[in-house]
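Survey of secondary and tertiary structure
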Amino acid sequence: MSFQILWLCRIILIVTFISHGSSFPDQVGYYSFMKDATFAPMFARFDYIVIGGGTSGCALAATLSQNATVLVLERGGSPHDNPTATDIGNFATTLSNTSPKSWSQLFVSEDGVYNTRARVLGGGSVLNAGFYTRAGDDYVKEADWMSDEVEAAYEWVEKKVAFKPPMLGWQTALKDGLLEVGEFPYNGFTYDHINGTKIGGTIFDDAGQRHTAANLLEYSNPNSIAVYLHATVHKILFTTKGRPRPKSYGVIFQDANGVLHKAELAKNTMNEVILSAGAIGSPQLLMLSGVGPMAHLVAHGIKPVVLDHPMVGQGMGDNPMNAIFIPSPTSVEVSLIQVVGITKFDSYIEGASGVIFSYSWTRNFFDGVLNYLNEISRTTTSTSLSTQSITDFFKSINPLLNATIKAGLILQKVAGPVSRGHLELRNINPNDNPSVRFNYYQEAEDLEKCVEGISTIIKVINSKAFSKFKYPEATIHGLLDLIRSVPTNLRPRHATSVLNLKQFCIDTVMSIWHYHGGCQVGRVVDKNYKVLGIHGLRVIDGSTFLKSPGTNPQATIMMLGSLNVYINPCSVSIMYNNGGIFEIQMVSVHSICFDFNLAYYTFKEVAWKVKHLLYVRIILRAYAVVRMVYSWLYKLHRRCYKNLRRKLLDERNE
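The structure displayed is predicted, hence computed values, not measured ones.

Turning our attention to the overall build of the protein. Scanning the protein for helices and strands turns up 17 helices and 30 strands. Relative to its 654 residues, the protein shows a buried fraction of 57%. Considering only contacts within the protein whose residues lie at least 6 apart along the sequence, 74% involve residues at least 24 apart.

What follows is the structure, given as structure tokens:
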């Protein structure tokens, strides 16, 4: 293939992500480019189609819109439609509202643990406990990201959504208690992931109002982006015409009135469909589109099977969380996660206080659980979860109870985790939840971390620093029994668990909503997040993670959305210089010599066409030569690129 033809692979993606200069003046939350999908045309073309306006999708779309036309398809509504729902005091109410049109879509894993999927622009950042912290240096290195670009991307996010928490009495006591029991050093307020005790960031501002990934759309170019709400994607479209390797070229989506729309990529070889539907939605939609384990797709009648991809839906992980509820003799502030103890044994200790309890929303949540289980029991026989604990719980509480409870909750979250599960389709309806099993504590290593984490929490509860917020007569066995009596999940309970911390961890495990996997790097996507075996399709969200980053993944997922334009092998670096834009055009070695996967499929396609053994041998030998040359040029390119980026960063900082 001639150099001139290879040169056509070149693309210029302008990356604008260091200062507020890239922000356009649309009023926060009321973007001129955001409309309900019922107003969408029946057919349209865009340079990029982003499926999912969630934690990564918003960041990605805002960045790409600087030099390309971008369509964002979000199945939920806007968080700005109900500002009071994002107030810190309404955290539990918003999260537990699982009605059909709510932002929180309930699902119960096959492990018997309650969980939720975000169904709103901004994704999980609209529903979570708001803790903001970066991934550790080791994580960045393992992901093969460039540290200076990661730093710039985090800063880009933090200008819109991250704040320093107020740190009042209960959270201060938790911090001091962690230090008293030996979780050193004290690292103060920092976004960085460092062993010891620290105060992390929050996405709640001083007024208690939540800022979300949807705020990152303020960076968008309003003239080149369209965001459609209540737009449910049914299928990604592929073509195999004239090639053995499928290529994505568009999507079919449905609006709230049930009308189907079609969006296609503009005629450019480098344009892409980007899947950012989250760790549940992304592998589910790949399967619904015909990409996944062939036998499973055939069993559900999915036609055609575009690609037999057995690793789609595999490697599902959810960081197990266990907690101890501590009633307080004195008043406590309403606070979510602010302090964290990052232990040496890979368990994270965090806490929240001033739980606002309402019988009505608690009743609504558990009614939602019962309705969900009844619904899935009609389509599957695999679920045999007992709901007796829910019945017993409501017999024991006062229906008139509506109050801010004087109490706190200290939890431990297992890092990683090592235990892994899988995701499968229940049916072919994209609005329904797939079947997910996380296999909490299947691996002994995770269980040992939980035991050490609970043991550390017990020490904190008994510390002098925390004594003000614990009744003197309260015993640890009594506190453990209290959490055991609450239907935190649908798993069996053992009376002996208050004496056996391993059993306590297994019986009372909960989700902290940090699930990930299903489209993992090296298994479903390559290091540039391209789906292996398919052209023109990437996955950029938490489904690609091999493990959860830091103590809370949301900062890294937002960062990944803006970072990925740097990761794009044909991108152009661009930095701000004295408030203006300074461009450097760089022809990537990837676009001249291909990446390994593209080279493989290119040669395979030629071999398939010539259908001659001699030519196949010649082609395979040529491939080996190209691979060797590629490796050398790629190393040279990366060295030059790092030097160039360092120079630009130095100029920006002068």
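Residues Tyr132, Val251 and Ile410 are the most contacted members of the largest nonpolar core, which totals 136 residues. The biggest single contributor to this core is helix H11 (residues 444-461), with eight residues. Among the nonpolar cores identified, the runner-up in size contains 21 residues, and Val120, Val126, Ala323 and Ile342 belong to it.

Before going further, it helps to spend a moment on the environment of threonine 239. By the secondary structure assignment, threonine 239 is in strand E12 (residues 232-239). Contact partners of threonine 239, with chain neighbours within four places excluded, come to Arg245, Pro246, Lys247 and Tyr249. A distance of 3.3 Å separates the side chain of threonine 239 from the backbone nitrogen of lysine 241, its partner in a polar contact.

Another point: the side chain of threonine 508. Take threonine 508: it is sitting in helix H13 (residues 501-508). Within the local environment of threonine 508, its side chain forms a polar contact with the side chain of asparagine 322, the two groups lying 3.0 Å apart. Among all residues touching threonine 508, those that are not within four sequence positions of it are Met321, Asn322, Ile483, Arg484, Thr488, Asn489 and Arg493.

The next thing to look at is the packing of aromatic side chains. All chains considered together, the criterion is met by twelve aromatic pairs. Here the aromatic rings of tyrosine 31 and phenylalanine 33 are separated by 5.1 Å at their centres, their planes lie at 5 degrees, and the arrangement is stacked. With relative accessibility at 5%, the residue phenylalanine 33 sits in the buried group. Seen from their ring centres, tyrosine 132 and tyrosine 191 are 5.2 Å apart, and the 75 degrees between their planes marks the pair as edge-to-face. With a gap of 59 residues between them, tyrosine 132 in strand E7 (residues 131-132) and tyrosine 191 in the loop between strand E8 (186-189) and strand E9 (196-199) connect regions that are remote in the sequence. Here tyrosine 132 and tyrosine 191 have matching classes, each one buried. Joined through ring pairs, the aromatic side chains of Phe107, Phe438, Tyr440 and Tyr515 make up one cluster. Positioned over the ring face of tyrosine 219 is lysine 160, at 5.0 Å from the centre of the ring. Note that lysine 175 overlies the ring of tyrosine 186, its terminal NZ or CZ placed 5.1 Å from the centroid.

As a further point, take helix H6 (residues 169-180). The end-to-end C-alpha separation of H6 is 16 Å, in line with the 16 Å expected for twelve residues at 1.5 Å each. Taken together, the buried positions of H6 are occupied by Trp170, Gln171, Ala173, Leu174, Lys175, Gly177, Leu178 and Leu179. The positive-phi residue at the C-terminal boundary of H6 is glycine 182, with phi of around 105 degrees.

Read across the sheet, three strands follow the order E18-E25-E26 without closing on themselves; strand pairing throughout is antiparallel. The open sheet has two free edges, formed respectively by strand E18 (314-316) and strand E26 (435-437), since each of these has just one partner strand. Ignoring which end each strand starts from, the neighbouring axes of this sheet average 35 degrees apart. Where E18 meets strand E25 (residues 421-424), two bridges bridge the pair, whose relative direction is antiparallel. The residue bridging methionine 316 from the neighbouring strand is glycine 421, located in E25. Together, E18, E25 and E26 form the strand contacts of helix H7 (residues 278-288), whose direction differs from that of E25 by roughly 50 degrees.

What follows deals with the environment of glutamine 503. Relative to the elements of secondary structure, glutamine 503 occurs in helix H13. Here the alpha-carbon distance between glutamine 503 and leucine 447, two residues 56 residues apart in the chain, equals 9.3 Å. When sequence neighbours within four positions are dropped, the list of residues in contact with glutamine 503 reads His494 and Ser497.

This paragraph deals with the pattern of salt bridges. Enumeration according to the criterion identifies 15 salt bridges in this entry. Across the pair glutamate 264 and arginine 45 runs a salt bridge, and its minimum N-O distance is 3.1 Å. Here glutamate 264 is found in strand E14 (residues 260-265), whereas its partner arginine 45 is found in strand E2 (residues 43-46), with 219 residues between them in sequence. Relative accessible area serves as the criterion here: at 9%, glutamate 264 is assigned to the buried category. Residue class for arginine 45 comes out partly exposed when judged on its relative accessible area of 37%. Of the charged contacts in the structure, one is a salt bridge between aspartate 192 and arginine 134, with a shortest N-O distance of 3.9 Å. Placement of aspartate 192 in the loop between E8 and E9 and of arginine 134 in the loop between E7 and helix H4 (137-142) is noted, with a sequence separation of 58 residues between them. A relative accessible area of 36% means that aspartate 192 is categorised as partly exposed. By relative accessible area, which is 8% here, arginine 134 ends up buried.

With an omega of -10 degrees, the peptide bond between phenylalanine 184 and proline 185 qualifies as cis. Within the secondary structure, proline 185 sits in the loop between H6 and E8. Cis geometry is adopted by the peptide bond preceding proline 304, which originates at lysine 303 and carries an omega value of -10 degrees. Mapped onto the elements, proline 304 comes out in the loop between helix H8 (294-299) and strand E17 (307-308). Located in the positive-phi region is aspartate 346, a residue other than glycine, with phi close to 65 degrees. With respect to the helices, strands and loops of the structure, aspartate 346 is situated in the loop between strand E20 (339-342) and strand E21 (347-353).

Procedures and definitions
Residues numbered from 1 in each chain as written. Predicted model: local features only at pLDDT ≥ 70, side-chain atom pairs only at ≥ 80, totals over all residues. Heavy atoms only, no water. Helix = DSSP H or I, 4+ residues; strand = E, 2+ residues; numbered from the N terminus. Buried < 20%, exposed > 50% of the residue type's maximum accessible area, 1.4 Å probe, protein only. Contact = heavy atoms within 4.5 Å. Core = buried A, V, L, I, M, F, W, Y, C linked by side-chain atoms within 4.5 Å. Polar contact = N/O pair within 3.5 Å; in protein donor to acceptor, adjacent residues only side chain to side chain. Phe/Tyr/Trp six-rings, centres within 6.5 Å; stacked < 30°, edge-to-face > 60°. Lys NZ or Arg CZ within 6 Å of the ring centre and 35° of its normal. Expected span 1.5 Å × (residues − 1). Pairing = 2+ DSSP bridges. Axes fitted to C-alpha atoms, helices over the stretch in contact; angles between N-to-C directions. Salt bridge = Lys/Arg side-chain N within 4 Å of Asp/Glu carboxyl O.

Geometry only, nothing functional implied.
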